[in-house]
Amino acid sequence: MSLNQLIENCKNNDTKAQGELYKLFSSKLFSVCLKYSKNYAEAEDNLQDAFLTIFNKIEQYKGKGSFEGWLKRITVNTVLQKYRSQKVFDIVNENSVEDEELEVDEDDLSIDYLLQIIQELPDRYRLVFNLYVLDGYSHKAIADMLEINIGTSKSNLARARQILKQTIENYKTTQSLQSL
């Protein structure tokens, strides 16, 4: 069955088609959920919620643009909506933000370790860091998506980078001491 036919069948509430769509895209969308969730279990819950939203809104997909891109937007928005409702963001004055660059030497750290410490960031910092650094959104777009001001987005990114920098420095120090 073609993707277009699968989408049409999902629009007609065909549960078999919905199952096929889930099988086809769940692993890709789970990685999106994992990136924005605190842990694996929360990512699983977010994936289920995202698919419920997808099936409820699939009528809105008109075939323009990438279907996978549409699925990812729905998934990100579903996850972010949970955090918006929890009010995890601290509002700050935009002028008080100092952003520092975070440089990582890939030879010293594994990608798994980096992903782990990013996932351990507090919600507000992890969300902004992922949206800005990993997904390339602007602070304005992040502010709109999370319903915060631009200064809060910038502040949360700066704080995320500070935490990551300190965590990486601590890790490197520990590794150096262990090699002695």
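Residues numbered from 1 in each chain as written. Predicted model: local features only at pLDDT ≥ 70, side-chain atom pairs only at ≥ 80, totals over all residues. Heavy atoms only, no water.

(A) A look at the pattern of salt bridges. Summed over all chains, the structure comprises nine salt bridges. A salt bridge links Lys11 to Glu8, with the shortest nitrogen-to-oxygen separation between them at 3.7 Å. Linking Lys11 with Glu8, this pair stays in helix H1 (residues 3-11), spanning three residues, or about one helical turn. The salt bridge involving Asp123 is made with Lys38; its shortest N-O contact spans 3.7 Å. In this pair, Asp123 is assigned in helix H6 (residues 123-134) and Lys38 in the loop between helix H2 (15-36) and helix H3 (40-57), connecting sequence segments 85 residues apart. With a relative accessible area of 11%, Asp123 lands in the buried category. Accessibility expressed as a relative area gives 42% for Lys38, which makes it partly exposed. One network of salt bridges, in which partners are shared, links Lys28, Glu68 and Lys72. (Salt bridge = Lys/Arg side-chain N within 4 Å of Asp/Glu carboxyl O. Helix = DSSP H or I, 4+ residues; strand = E, 2+ residues; numbered from the N terminus. Buried < 20%, exposed > 50% of the residue type's maximum accessible area, 1.4 Å probe, protein only.)

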